[in-house]
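# Tertiary structure, described
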Amino acid sequence: MTEKRVTFASKIGIVAAAAGSAVGLGNIWRFPSQTADGGGAIFILIYIACILFFGIPLMMSEFMVGRAARANTAGAFQKLAPGTPWKWVGRLGVLTGFVIMGFYMVVSGWTLDYFFQSLSGSLHKVDNLSAHFDALQANPVRQIAWMIPFVFLSVFFIVSGVKKGIERSAKIFMPLLFLLLIVLAIRSITLEGAIRGLSFLFRPDLSHVKSTVFLDAMGQAFFSLSLGMGCMITYGSYFNNNTDLAKTSIQVSTLDTLVAILAGVVIFPSAFALTANPETIVNELVAGGPGLLFITLPELFNQMPLSMVWSALFFCLLALAALTSTISLMEVVTVYLHEEYRVSRLKGTLLVSAGVIILGIISSYSSLFFNVLDVASAKFMLPIGGFFICLFMGWRLKKNLILLQLTNNGELPARAKLLNGYLFLLRYVIPIAILSIFVYGIVG
Ligand code: TRP
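Figured I'd write up the structure that's included with this text. (Residues numbered from 1 in each chain as written. Predicted model: local features only at pLDDT ≥ 70, side-chain atom pairs only at ≥ 80, totals over all residues. Heavy atoms only, no water.)

## Thoughts on a nonpolar patch on the surface
How we decide: Patches draw on residues past 30% relative accessible area with no salt bridge. Two like charges within 9 Å are joined, as are two nonpolar side chains (Val, Leu, Ile, Met, Phe, Trp, Tyr) within 5 Å. Each accessible area value is a Shrake-Rupley result obtained with a 1.4 Å probe; residue values ignore everything except the protein chains displayed when judging cover. Between Lys or Arg on one side and Asp or Glu on the other, a salt bridge is scored when a side-chain nitrogen of the former is within 4 Å of a carboxyl oxygen of the latter. Only DSSP runs of H or I reaching four residues or more are called helices, and only runs of E reaching two or more are called strands; each is numbered from the N terminus.
Taken together, Val375, Phe380, Leu435, Val439, Ile442 and Val443 make up a surface patch of nonpolar side chains, about 510 Å² in accessible area. Among the secondary structure elements, those contributing two or more residues to the nonpolar patch are α17 (367-396) and α19 (419-443). Among the elements that make up the nonpolar patch, the one with the highest residue count is α19 (four residues). Along the chain, Phe380 falls in helix α17.

If you want it as C-alpha cells, here you go:
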C-alpha cells in the first residue's frame with residue numbers, strides 16, 4: 001500500500017464519526033421494538049449489562065486492531081496475522097455488512113417516505129396510522145422507490161471521502177437529533193397516562209420474559225454499537241495515534257445507549273398514553289412488529305402544536321442518523337474492495353450499491369427475507385464475529401502490541417494498569433459468555 005491512509009481530522013470528529021456509525025435506526029427503530037418484544041425493563045437491564053461487559057471491551061478491541069493495522073477489515077487480520085485463516089473473520093464481516101445493508105436501506109427508505117409525507121402534510125390527515133404503515137409495507141414499489149435514492153445518498157458521501165463526507169455530516173446532525181429527542185421525550189412523558197409506559201420501560205415484569213431474551217439483547221447490543229463485523233476496525237484505522245481508545249469507546253457506547261433509552265422514553269409513554277385499548281397494549285407491544293416507531297411517533301406529533309414541523313424535523317434527522325450508519329457500513333465493504341482488489345473507491349461503492357439494491361428489492365417484496373437478514377446479522381453473524389475478534393485479541397495478538405495500543409505507545413502510562421483485567425475479559429469471560437448466550441438462545 002503506497003498511498004498514505006487518511007485519518008480523521010480532530011478528536012471530536014473521531015467521536016462524532018464513530019458515534020454516527022453507532023447511533024442510527026438500531027437505536028431509534030430497532031431498540032424500541034426489541035424492547036417491546038423482550039418484555040420491557042428486563043430486556044433493558046440485560047441490554048445494558050451487554051453494553052458494559054461486551055460492548056465497551058469489544059469496541060476497544062476493534063479500534064486497536066484497526067489502528068494497529070491501518071487497513072480494511074480483512075486486510076487488518078492479514079497484516080497482524082499473515083498467512084493465517086484469521087482473515088476470514090474480516091471476510092465474514094464484509095459479508096455481514098451486505099446482509100445488514102440489505103434490510104437497513106429499506107428501513108432508511110421508510111424514513112425518507114415519512115419525511116416527505118410530513119413535508120407535504122399528508123401524514124397529518126391520516127386517521128389510522130397503523131393501517132397507513134401497513135399500506136407502505138404492502139407496497140414494495142414505493143419502498144424501493146425510496147430505498148434506491150437512499151443508497152445513492154450514501155454513495156455520494158462515501159465518494160466525497162472520509163474526512164469531508166463522514167466526519168462533517170456526523171458532527172452537525174448527531175447533536176441536533178439528540179436535542180430533538182429530548183424535546184419529544186418531554187412531550188411524551190407529560191401526556192396523561194404516560195406513567196404506565198415509563199413503568200413498562202423501567203420496572204421489570206417477569207411475566208413476559210422469553211428464553212431468547214439474552215440472545216436478543218446481546219444481538220441488539222452488537223447491532224447498536226456497530227460491533228462484530230469490523231466496522232469499528234475500519235474506523236479505528238482512520239484514528240490518530242494519540243486517540244485515547246479506552247475513553248473513546250466509553251464515550252461512544254454511552255452516547256449510543258443514551259440515545260436508545262431516550263428513544264424508548266419517547267415511544268413507550270406515548271404508546272401507552274395514546275392507545276385506544278389500554279388493556280391489550282402490552283400484548284400488542286410484545287407482539288411487536290417493525291412499525292412501532294412509524295405508528296406511535298406520528299400519533300405523538302399530533303399531540304403537539306405545529307405537528308407537521310416536528311414530524312418533518314424528526315424524520316429528517318432520523319434519515320440523517322441512518323445515513324451516517326449506512327455510510328459506515330458501506331465504507332467497510334468499499335475500502336475492502338479498494339485495498340484488496342485495487343478497484344477505485346467509486347467503482348467499489350457502485351459495486352456494493354448494486355448488491356445492496358438487489359437485496360433491498362427482495363426485502364421489500366418479502367418480509368420473510370427482510371426478517372431473515374435482520375435475524376441472521378444481529379443474532380448470528382455479529383455475535384460470531386465478535387466472538388472471534390475477542391479470541392484474536394486475547395490469544396493471537398502479542399500482549400505488547402495491545403499494551404502499546406492501550407497506552408498510545410506509552411503516552412498514557414496509567415492505562416497499563418487495565419491490561420491484565422482487559423486480557424482476562426477477552427480471553428475467558430467474553431468468549432465464554434457470548435458462546436453460552438448464543439447456544440442458550442438457539443437451543444433454549
Ligand atoms: N449501529 C448502527 C445502528 O444502530 C447500524 C450499524 C452501522 C451497524 N454499522 C454497523 C450494525 C456495523 C452492525 C455492524 O443503527
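## So, the side chain of Ser61
Heads up, the condition is: Whether a residue is buried, partly exposed or exposed follows from its accessible area with a 1.4 Å probe, protein chains only, as a fraction of its type maximum: under 20%, in between, or over 50%, in that order. Residue contacts are defined here by distance: any two heavy atoms, one from each residue, within 4.5 Å place the two residues in contact.
Here Ser61 lies in helix α3 (residues 41-69). With relative accessibility at 0%, the residue Ser61 sits in the buried group. Those residues in contact with Ser61 that lie beyond four places of it in its chain are Ile389, Met393, Tyr422 and Leu426.

## Quick notes on the packing of helix α5 (residues 87-120) against helix α7 (residues 140-159)
Heads up, the rule is: Axis geometry follows a simple rule: fit a line to the C-alpha atoms, using only the stretch in contact for helices, then measure angles between N-to-C directions, giving values from 0 to 180 degrees. We call two directions roughly parallel when the angle between them is under 35 degrees, roughly antiparallel when it is over 145, roughly perpendicular when it lies between 65 and 115, and oblique otherwise.
Relative orientation of the contacting elements α5 and α7 amounts to 105°, with a least axis distance of 7 Å. Between α5 and α7, the angle is such that the two are roughly perpendicular. Each of Met105, Val106, Ser108, Gly109, Trp110, Leu112, Asp113, Phe116 and Gln117 in α5 lies in contact with α7, whose residues at this interface are Arg142, Gln143, Trp146, Met147, Phe150, Val151 and Ser154.

## Points about the packing of aromatic side chains
We count it as follows: Any pair of Phe, Tyr and Trp rings, taking the six-membered ring for Trp, is counted once the centres come within 6.5 Å. Such a pair is stacked with planes under 30 degrees apart, edge-to-face with planes over 60 apart, and tilted for the rest. Lysine NZ or arginine CZ positioned within 6 Å of the ring centre and within 35 degrees of the ring normal marks a charge as sitting over the ring.
Tallying each qualifying case throughout the model produces 33 aromatic pairs. Arranged with centres 5.2 Å apart and planes meeting at 80°, the rings of Phe314 and Phe315 form a pair that is edge-to-face. Through a chain of ring-to-ring contacts, three or more aromatic side chains come together here, namely Trp29, Phe103, Tyr104, Trp110, Tyr114, Phe133, Phe223, Phe294, Phe301, Phe314, Phe315 and Phe370. Looking at Arg30, its charged tip hangs above the ring of Phe223, at a distance of 5.1 Å from the centre. If you follow Arg427 out to its NZ or CZ, it ends over the ring of Trp395, 5.1 Å from the centre.

## Some points on the pattern of salt bridges
For the structure on display, the rule yields six salt bridges. The salt bridge involving Asp216 is made with Lys379; its shortest N-O contact spans 3.1 Å. With a gap of 163 residues between them, Asp216 in helix α10 (residues 213-224) and Lys379 in helix α17 connect regions that are remote in the sequence. Given the relative accessible area of 6%, Asp216 is considered buried. Of the charged contacts, one joins Arg345 and Glu331 as a salt bridge, the two residues approaching to 2.7 Å between their closest N and O atoms. Placement of Arg345 in helix α16 (residues 345-365) and of Glu331 in helix α15 (residues 307-341) is noted, with a sequence separation of 14 residues between them. Overall, the relative accessible area of 0% leaves Glu331 in the buried class.

## Considering the site of the ligand
Rules: The rule for a residue being near a molecule or strand is that one of its heavy atoms must lie within 4 Å of it. Any N or O atom pair separated by 3.5 Å or less is treated as a polar contact, with the protein-specific requirement of one donor-capable and one acceptor-capable atom, and with residues adjacent in sequence counted only for side-chain atom pairs. Here the term charged refers only to Asp, Glu, Lys and Arg, the term nonpolar to Ala, Val, Leu, Ile, Met, Phe, Trp, Tyr, Cys and Pro, and the term polar to all other amino acids, Gly among them.
Taken together, 17 residues are adjacent to the ligand, and Ala22, Gly26, Tyr104, Phe223 and Ser226 come closest. One of the backbone N or O atoms of Ala22 is found 2.9 Å from an oxygen atom in the ligand. Within the side chain of Ser226, an N or O atom sits 2.9 Å from a nitrogen atom of the ligand. Computed on the free molecule, the ligand has an accessible area of 360 Å², of which 100% lies beneath the protein chains in the complex. Elements represented by at least two residues in the shell around the ligand include exactly α1 (11-22), α2 (25-37), α5, α10 and α15. In the shell around the ligand, the residues fall into nine nonpolar, eight polar and no charged.

## Considering unusual backbone geometry
The phi dihedral of Arg70 falls on the positive side, at around 50°, and the residue is not glycine. By the secondary structure assignment, Arg70 is in the loop between α3 and α4 (73-80).

## Overview of the environment of Arg427
Inspection of the secondary structure puts Arg427 in helix α19. Counting along the chain gives 33 residues from Arg427 to Gly394, while the straight-line C-alpha distance between them is 4.6 Å.

## Focus on the packing of α2 against α10
The contact between α2 and α10 brings their axes to 11 Å, and the two run at 175°. The orientation of α2 relative to α10 falls into the category roughly antiparallel. Contacts between α2 and α10 involve Gly26, Asn27, Arg30, Phe31, Gln34 and Asp37 on the former and, on the latter, Asp216, Gln220, Phe223 and Ser224. By residue class, the composition of the contact of α2 with α10 is two nonpolar, five polar and three charged.

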